[in-house]
Each structure stands twice: as structure tokens, then as C-alpha cells.
Amino acid sequence: MSYNVLLSDDARDYIQSLDDKSARIIKDNLRKLAEDPYPGGGKGDKEKLTVDGEEMYRLHIGRTHTAFYVVVDDGTQEVRVVEITDIDDAHKRYGY
């Protein structure tokens, strides 16, 4: 089962602000969410948590970036990437 990975404007802007190598690394990691957006199974550093009072998932990308996303499993099979941020800023938002 494959999911469509959709980026918010904020996520898209974040990627565009990066150098080519960093942008490529983030895009490659986000593509992996199409096959397996859920934590477990040893594929990636994914976790379900509460961020700013809302349940969502996070994906650490390397040791530098974090993507926050929600999975829509109502027949549309979508992964909506809400935001991508620096990993240190992400940790501050969910208490690590």
C-alpha cells in the first residue's frame, strides 16, 4: 500500500532554503514515508508524539532536521508533512 506524500507550504519553503545536498537528503527521506509512514519495523527514526497539543508523527532526518507529519488513513492514503525544522528546535517543541 502506497501513500501520497504531500508537503505544506512551510515544509516546501524550508527545503527550498537549504543547499542542494541537504534538500536532496530530506526529499529522499520523505519519499520513504510513502511506503511506511508508521513507527516500528526498524525503518527510519519515526515516533508518534504530541507537538503543540496535536498528535502527529516526527521523522528525524540525519542528525540535523526533523519532519512533523500526519497520516490520513481514510481512503485517501496521504502523508501530510506539516513542517520541517532544525532538530534542536524540534526537540524544544516536544520536550526532549
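Up top you'll find the structure we're talking about.
Report follows, based on the coordinates. Numbering of residues starts from 1 in each chain and follows the order in which that chain's sequence is written. Since the coordinates come from a predicted model, pLDDT governs what is reported: local features require at least 70, and pairs of side-chain atoms require 80 or more to be given and counted, while whole-chain, interface and lining totals use all residues. With hydrogens and water stripped out, all remaining heavy atoms of the structure feed into the side-chain values.

## Focus on unusual backbone geometry
For the record, the criterion: Only DSSP runs of H or I covering at least 4 residues are called helices, and only runs of E covering at least 2 are called strands; the numbering of each starts at the N terminus.
One non-glycine residue, glutamine 77, adopts positive backbone phi at about 50 degrees. Here glutamine 77 is to be found in the loop between β4 (65–72) and β5 (78–86).

## Considerations on the side chain of histidine 60
Threshold: Residue exposure (1.4 Å probe, protein chains only): buried if accessible area is under 20% of the type maximum, exposed if over 50%, otherwise partly exposed. Pairs of N or O atoms are called polar contacts if they sit within 3.5 Å, as long as, within protein, a hydrogen donor faces a hydrogen acceptor (for residues adjacent in sequence, only side-chain-to-side-chain pairs). The contact rule is simple, with two residues in contact once any of their heavy atoms fall within 4.5 Å.
One can find histidine 60 in strand β3 (residues 54–61). Here histidine 60 falls in the buried class, since its relative accessible area comes to 11%. Here threonine 66 takes part through its side chain, which lies 3.0 Å from a polar atom of the side chain of histidine 60. If sequence neighbours within four positions are ignored, histidine 60 has contacts with Asp45, His65, Thr66, Ile87, His91 and Tyr94.

## Considerations on the nonpolar core
Applied cut-off: Throughout this description, the term nonpolar core refers to a set of buried Ala, Val, Leu, Ile, Met, Phe, Trp, Tyr and Cys residues connected via side-chain atoms within 4.5 Å.
By size, the foremost hydrophobic cluster in this structure holds 17 residues, and its most contacted members are Ile26, Leu30, Leu59, Ala67, Tyr69, Val81 and Ile84. At the level of secondary structure, the elements contributing two or more residues to this core comprise α1 (9–16), α2 (20–31), β3, β4 and β5. Not counting chain neighbours up to four residues away, the residues in contact with leucine 59 comprise Asn29, Leu30, Leu33, Asp45, Lys46, His65, Thr66, Ala67 and Tyr69. Counting seven residues, the second-largest nonpolar core is a separate cluster that includes Val51, Phe68, Val70 and Ala90.

## Quick notes on α2
Under the convention used in this document: Expected helix span is taken as 1.5 Å per residue step, with the number of steps being one fewer than the number of residues. When we speak of the arc, we mean the arc of directions from the helix axis to the C-beta atoms.
Here α2 spans 16 Å end to end across twelve residues, near enough to the 16 Å set by a 1.5 Å rise per residue. Among the residues making up α2, those that are buried are Ser22, Ala23, Ile26, Asn29 and Leu30. Considered in projection along α2, the buried side chains sweep an arc of 130 degrees and stay on one side of the axis. Facing away from the buried surface of α2 by more than 90 degrees, the exposed residues are Asp20, Lys21 and Arg31. Where the residues of α2 are buried, they touch β1 (4–7), α1, β3, β4 and β5.

## Some words on the environment of histidine 91
Within the element layout of this structure, histidine 91 appears in helix α3 (residues 87–94). In this structure, the C-alpha to C-alpha distance between histidine 91 and valine 51, residues 40 residues apart in sequence, is 9.9 Å.

## Concerning the packing of aromatic side chains
Selection criterion: Between the rings of Phe, Tyr and Trp (Trp by its six-membered ring), a pair exists once the centres lie within 6.5 Å; its type follows the angle of the planes, with under 30 degrees stacked, over 60 edge-to-face, and the other angles tilted.
Considering all chains together, one arrives at three aromatic pairs under this definition. Between tyrosine 3 and tyrosine 38 the ring centres are 6.4 Å apart and the planes differ by 80 degrees, which places this aromatic pair in the edge-to-face class. One end of the pair, tyrosine 3, is in the segment before β1; the other, tyrosine 38, is in the loop between α2 and β2 (45–51), and 35 residues separate them in sequence. Judged by its relative accessible area of 27%, tyrosine 38 falls in the partly exposed class. A centroid spacing of 5.7 Å and a plane angle of 80 degrees characterise the contact between tyrosine 38 and tyrosine 57, whose relative ring orientation is edge-to-face.

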